[in-house]
Each structure stands twice: as C-alpha cells, then as structure tokens.
Amino acid sequence: MNDIQDGSSPGAALGGPAACVSKVELRVSCKALLDRDTLNKSDPCVILMVQAQGQWTEFDRTEVIKSNLHPVFAKVFTLDYYFEEVQKLRFEVYDIHGTHTIGTRDDDFLGGVECTLGQIVAQKKMMKPLFLKYGKYAGKSTITVHAEEISGNNGYVELFFCAKKLDDKDLFSKSDPFLEIYRINDDETEQLVHRTEVIKNNLNPVWEPFKVSLISLCSCDEDRKLKCLVWDYDSRGKHDFIGEFFATFREMQKIGSGSKVTWDCVNPKYKLRKRNYKNSGVVILRELKLHRVYSFLDYIMGGCQIHFTVAIDFTASNGDPRNSCSLHYINPYQPNEYLKALIAVGEICQDYDSDKRFSALGFGARIPPNYEVSHDFAINFNPDDDECVEIQGVVEAYQNCLPKIQLYGPTNVSPIISRIAKLSAGEAAVKDASRYHILLILTDGVVTDMADTREAIVRASYQPLSIIIVGVGNADFTDMQILDGDDGVLRSPKGEPVLRDIVQFVPFRDFKTASPAALAKCVLAEVPKQVVEFYSHKAICPMPPILSCDSPASLPNTPTE
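None of these values were measured; they are calculated from a predicted model.

**Overview of the packing of aromatic side chains**
Item 1. Considering all chains together, one arrives at 19 aromatic pairs under this definition.
Item 2. Between Tyr-299 and Tyr-535, the ring centres sit 4.9 Å apart and the planes meet at 25 degrees, which makes this aromatic pair stacked. Placement of Tyr-299 in helix 5 (residues 296-301) and of Tyr-535 in helix 11 (residues 527-537) is noted, with a sequence separation of 236 residues between them. Comparing Tyr-299 with Tyr-535 shows no difference in burial state: the two are buried.
Item 3. Relative to Tyr-535, the ring of Phe-534 lies with its centre 5.0 Å away and its plane at 75 degrees, an arrangement referred to as edge-to-face.

And the structure:
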C-alpha cells in the first residue's frame, strides 16, 4: 500500500491514454479472381505495399487461401493513420504456389490496385477493380477493403460510490475508509486505476465522484474483472483491510433510473473463520455517467464530407503575371508557389469529398465585364456555380482567369471568410455531422482589413470551418501571426474571443526547400482536432455508418497456414 495524505484526494492513479496517432485496421476480400491453375483454382494471397520517399516496400501480406477465387482473408492489416499526409497504398494479389513465395512469372500476378489510406477511411468500405500490368483489367476481378478505427480511446466514465455499515477498525473512533479499484490485466497482474479520498470517522462514507477513461478502467473491455478494496486509513501507512469485492464495467452499467448497484464488501479471512459472517459492509454505485469521446475518424467514417475552398490573392503586389518575376507567372516547367500550395493541400482534402468538386475564389482584382474591384469572385467567372471538378479543374480555372483580370487591391479577405462561414452556418442548422469546410487562403501580403478579418474569424469559429492561410512570396508576415491563435487567443476588435482556434498561418518560404507534403502536413495537422472540437461543442455525434448489405460471396476458406 502506498501512503496517502490524510484528507487528501489522490484522484485517478492513471490519467487518460497518451495522445497517439489513430490506428486503422484494414480487412480484405476479393471476388472473381483470375484462375491461373490448370487443375485447381488459384491459391490467392494479398500483399500490401506502402510508399515512402517514392519507393514501394512490402508492409505485410495475408494468409494463402487454397483453391478459391472469392477469398475473404482473415489477416488484418494495422496501419497508423495521418489525415495530413497522402498515404499511398498498393494491394497486389498473387497466386501462390507450393513454396509460398511470390513468383516472378507474370501468370502468378492476379491483379493490383493503388489508392490512398484517406480514400479507404472516407468510404469505410472501398471496392475497386483489379488491374494487370499496363492498365489492363484483370477480367471482372475486384478487391474490397473495409476500414475500422482502433484508436483505443472509447470515452470516459464518471462514477459515484458510497458504502454502508462498514466494519469499525478503530478502538476509540470509527473507521476512516477509502476505496481502491484495480484492473486485472490479461497476465493476471493488477493495475491501480483509482484511489478515492479518505472519509474520516465514518462507517457510511460517500466518496467524491471521479472520472476515468475506459481504457484505464477496463481496457475498453466491459467484462474485464475489476478488484475493489476498502481500507481503513492509517497515517503511518499501515492501513487496515476492511474488505473486497469484484466487479465488471458491464455490471456497473446495470444501474438504472432510481436503482443502484451494490456489492458485498467481504473479508475472506472473516468468511472462513466466522460461521454466520455475511459481509463487512456494502459498497454502492449510486450513479454512473458515460461520456463517449468521438474521434476524427468516427466522424469521417460516419460520412462527414470535407468541402475544400481555395481563395487566391490577385492584388497588384504579386506582379504582372506576364513577367517571370511575378508570383503569378505560369512557368510551363515548374508550378509557381500559389499552385504548389494549392496542390499540396488540395490533394489531401479531395480524398474526403465524394463529388470531388471544389470552390475556387479570388480577391483583390478588377474582373470582367465591368472591371470593378472584387474581393469575392469565382475564378471560373460563374457566380452561380464557383466549383471546379477535382484539383486539376481548380488549377485550370486559375490559369485561365489570369489573362482576363487586372491585378489590383487592397488585400481584403474578410468578405470570403464571412461568405464561407455563412455557407457552413446554413449546414450546421441541420444538426448532423455531414459536412465540414476547409478554407485555404493564399496571399502575398498582410491583410488590409485586419479588424474586419478578426471579426469574421471570431464569427466563423462557431461554424464547421477551419481556415488555413499560406503566405506566398517574401513579404514580412509578422502581423499575420496575430490571426493564428497559437501564441494567444484571437479576439475581435470588441474583445470577444474565438470559440475555438480555427486558423493556421504559415509562410510558404519556410517550406521552399522541403517537399510539398511537408507544407500540407504542417497546415493540416490541426484539422482533425478542430473537427472534433466543433462537433463536441455542439454535442453532435457522428452519423451512423452506412453499412452495405451485400457480403462477399465466397467458398469456404481453407488457408494453408
């Protein structure tokens, strides 16, 4: 027993789980595989390849299933998931012969497919056709990949314990009881989960409620055994044992409206010695509050779409686009900084939007037909539909609009922020987690309308929206740091704070020598947390996943290993 201070509240012995990357499980099945064997059917195996630094390497492989063209593999692939990275995967299906090694002959290859982990989790269940070499279809062969998150954090629980008629262990006063809860691990070791405060001189103690994560309490296993001990506190550390009982989290959840869950607090020695011994008191769970903690992937796998909007700075300080020194100069051999930032961020976001249509806006230019200055215009010049098809469509609209506009000024971004916030506010009224917005603002200088921009960001912080600002060029962006709440809380000119930190600002020059992936990783790393913060504040749960009713038809699986 560890000594605890008189009258103290030791609290939970274990905090919540350390923040870690989400992990995703992938399960694989195939249908209508090519039959490469003369006498029997193919003996398929799926190899998962991952790309790192441009190189494909084997991550893991499934078992071999004998003589089956519709295999459902038991092997589960477990991968770390990062929203802010493009995680390229390749699934290759082979017909394995007796040696269980991958052959070099073409007829061993049954087909393959490339995708990203983001595409799989966004769809939750992804089915794709398999391809042979040179882009040829592998007959009618398909592969289906199911994704499931295993973050290990399934929320936390608040427990309210009391006891009645505990044994009196003190000669001149009553016992000073406290309660300990231990989790019994798979190897039968015991891990202290929580120790209550000491209640002085009381045989009917009511302990303070306490919160504990489900991973700490029971490793998210409702039937895991919990050992609970009641002690009479001793200031010298020689606490007197009153009794014990065993419980599970499933038992605890039997608590209902007005009813309580009780356990006999038993001293095993007394039970052996005393004939009519019943207990040394009872411990009562008076109340249980379960708080489910949802993750970013809970929302994504529930069908939440991420709508991507880009807003591009067309002010005169960028320079004449026809001049090679201009930040908007279109070099046929190398994309400019605006395009590099747009493509790096957009390529990741597009995996999470099923229709692959993205709004593309501009500000700070004189636009046709009247060449009046606009701080919020569609770069495809269609005010009724500002969306472009895929990131390539945005790139083409950007390149096409440059010759048609006059770069002007000033650098006002509040109109576009207010517009996207208003758009997302209309969807928030639906009260479900169906769509979240990311606004990427690309600008070459400090915004001119700083006061209005701060006001617009404070208003936007109440909506399902995250804002990424990338500073292009060599301007002094010091004043832009105020918009990024990392150094303090952003406030409106009237002093109202943002509800949540939704802005990430980075100068592109910090990533000039790095890969575009490094920029995307930096600016998108906070988005999962911002998504969860918004829906948690609104108490909006993820939508239930849409489950397909068709299960892969398969012959009985008979793995060889």
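**Here we look at the environment of Lys-289**
Item 1. Within the fold, Lys-289 resides in strand 17 (residues 282-291).
Item 2. The class for Lys-289 is partly exposed, based on a relative accessible area of 35%.
Item 3. It is 8.8 Å that separates the C-alpha atoms of Lys-289 and Phe-160, two residues lying 129 residues apart in sequence.
Item 4. The contacts of Lys-289, once residues within four sequence positions are left out, are Tyr-156, Val-157, Glu-158 and Phe-160.

**Looking at the sheet that holds strand 20 (residues 365-367)**
Item 1. Spatial strand order, 21-20-24: three strands in an open sheet with antiparallel pairing. Edge positions in the open sheet fall to strand 21 (372-374) and strand 24 (406-407), since each of these has one partner strand only.

**Let's talk about the sheet that holds strand 17**
Item 1. Strand order in the open sheet made by the four strands is 13-10-17-16, with antiparallel pairing throughout. Edge positions in the open sheet fall to strand 13 (210-213) and strand 16 (261-264), since each of these has one partner strand only. In this sheet, adjacent strand axes meet at a mean angle of 35 degrees when their direction is disregarded.
Item 2. Sheet topology places strand 10 (residues 156-164) next to strand 13; four bridges connect them, and they run antiparallel. When the bridges of strand 13 are listed, Leu-159 appears paired with Phe-210.

**Considerations on the environment of Met-543**
Item 1. Along the polypeptide, Met-543 turns up in the segment after helix 11.
Item 2. Along the backbone, Met-543 and Tyr-299 are 244 residues apart, and their C-alpha atoms lie at a distance of 6.9 Å.
Item 3. With residues near it in sequence (within four places) discarded, Met-543 still touches Gly-302, Gly-303, Cys-304, Asp-432, Ala-433 and Ser-434.

**Quick look at a positive patch on the surface**
Item 1. There is a patch of like positive charges on the surface, built from Lys-164, Lys-165, Lys-260, Lys-278 and Arg-286.
Item 2. As for its placement among the helices and strands, Lys-165 is situated in the loop between strand 10 and strand 11 (177-184).

**Side note on the environment of Cys-388**
Item 1. Mapping Cys-388 onto the fold places it in strand 23 (residues 387-389).
Item 2. In sequence terms Cys-388 and Phe-358 are 30 residues apart; their C-alpha atoms lie 5.3 Å from each other.
Item 3. Not counting chain neighbours up to four residues away, the residues in contact with Cys-388 comprise Lys-356, Arg-357, Phe-358, Ala-360, Gly-393, Val-394 and Ala-397.

**Concerning unusual backbone geometry**
Item 1. In this chain, Pro-368 is followed by Pro-369 through a cis amide linkage whose omega measures 5 degrees.
Item 2. Note the cis peptide between Gly-409 and Pro-410, where omega equals -5 degrees.
Item 3. One can find Pro-410 in the loop between strand 24 and helix 8 (414-428).
Item 4. The phi dihedral of Tyr-371 is positive, around 55 degrees, even though this residue is not glycine.
Item 5. If you trace the backbone, Tyr-371 turns up in the loop between strand 20 and strand 21.
Item 6. Among the residues examined, Tyr-371 registers a relative accessible area of 33% and is labelled partly exposed.
Item 7. Phi at Phe-381 takes a positive value of approximately 60 degrees, unusual for a residue other than glycine.
Item 8. Summarising the element assignment, Phe-381 is placed in the loop between strand 22 (377-378) and strand 23.
Item 9. By relative accessible area, which is 27% here, Phe-381 ends up partly exposed.

**Looking at the pattern of salt bridges**
Item 1. A complete count under the given rule lists 25 salt bridges for this structure.
Item 2. Of the charged contacts, one joins Asp-223 and Arg-250 as a salt bridge, the two residues approaching to 2.7 Å between their closest N and O atoms. With Asp-223 in the loop between helix 2 (214-218) and strand 14 (226-232) and Arg-250 in helix 3 (residues 249-252), this residue pair connects regions lying 27 residues apart in the sequence.
Item 3. Ionic pairing is found between Glu-387 and Arg-357, a salt bridge with its closest N-O pair at 3.1 Å. Taken together, the residues span a long stretch of sequence, with Glu-387 in strand 23 and Arg-357 in strand 19 (residues 357-363) at a distance of 30 residues.

**With respect to the nonpolar core**
In summary, soluble globular proteins display a tendency toward joint burial of nonpolar side chains.
Item 1. Grouped together as the largest cluster of nonpolar side chains are 95 residues, with contacts concentrated most on Leu-26, Phe-91, Phe-314 and Leu-524.
Item 2. No other element matches helix 6 (residues 337-349), which puts eight residues into this core.
Item 3. Residue contacts for Leu-26: discarding those within four places in its chain leaves Lys-75, Val-76, Phe-77, Leu-79, Leu-89, Phe-91, Leu-117, Ile-120, Val-145, His-146 and Ala-147.
Item 4. One finds Ala-163, Leu-166, Phe-210 and Ile-242 within the second-largest nonpolar core, a separate group that totals 30 residues.

**A word on the packing of helix 6 against helix 7 (residues 390-401)**
Any two packed helices are characterised by the angle at which their axes cross and by the distance between the axes.
Item 1. Contact geometry for helix 6 and helix 7: axes closest at 10 Å, N-to-C directions at 160 degrees. As the angle between them shows, helix 6 and helix 7 are arranged roughly antiparallel. Between helix 6 and helix 7 the crossing geometry is right-handed. When helix 6 is examined against helix 7, the residues Tyr-338, Leu-339, Leu-342, Ile-343, Gly-346 and Glu-347 are found in contact with a partner set consisting of Ile-391, Val-394, Val-395, Tyr-398 and Gln-399.

**A few points about the pairing of strand 25 (residues 435-443)**
Item 1. Most of strand 25 sits out of view: eight of its nine residues are buried.
Item 2. Inspection of the sheet shows strand 18 (residues 305-313) paired to strand 25 by eight bridges, in the parallel sense. Considered in strand 25, the bridge of Phe-308 is made with Ile-438.
Item 3. In this structure, strand 25 lies alongside strand 26 (residues 465-471), joined through seven bridges in parallel fashion.

The rules we used
Residues numbered from 1 in each chain as written. Predicted model: local features only at pLDDT ≥ 70, side-chain atom pairs only at ≥ 80, totals over all residues. Heavy atoms only, no water. Phe/Tyr/Trp six-rings, centres within 6.5 Å; stacked < 30°, edge-to-face > 60°. Helix = DSSP H or I, 4+ residues; strand = E, 2+ residues; numbered from the N terminus. Buried < 20%, exposed > 50% of the residue type's maximum accessible area, 1.4 Å probe, protein only. Contact = heavy atoms within 4.5 Å. Pairing = 2+ DSSP bridges. Axes fitted to C-alpha atoms, helices over the stretch in contact; angles between N-to-C directions. Patch = residues over 30% accessible without salt bridge, like charges linked within 9 Å, V, L, I, M, F, W, Y side chains within 5 Å. Areas by Shrake-Rupley, 256 points an atom, 1.4 Å probe, with all protein chains shown as cover. Salt bridge = Lys/Arg side-chain N within 4 Å of Asp/Glu carboxyl O. Lys, Arg positive; Asp, Glu negative; His and termini not counted. Charge placed at Lys NZ, Arg CZ, Asp CG, Glu CD. Core = buried A, V, L, I, M, F, W, Y, C linked by side-chain atoms within 4.5 Å. Parallel < 35°, antiparallel > 145°, perpendicular 65-115°, else oblique. Left-handed = near helix turned anticlockwise from the far one by under 90°.

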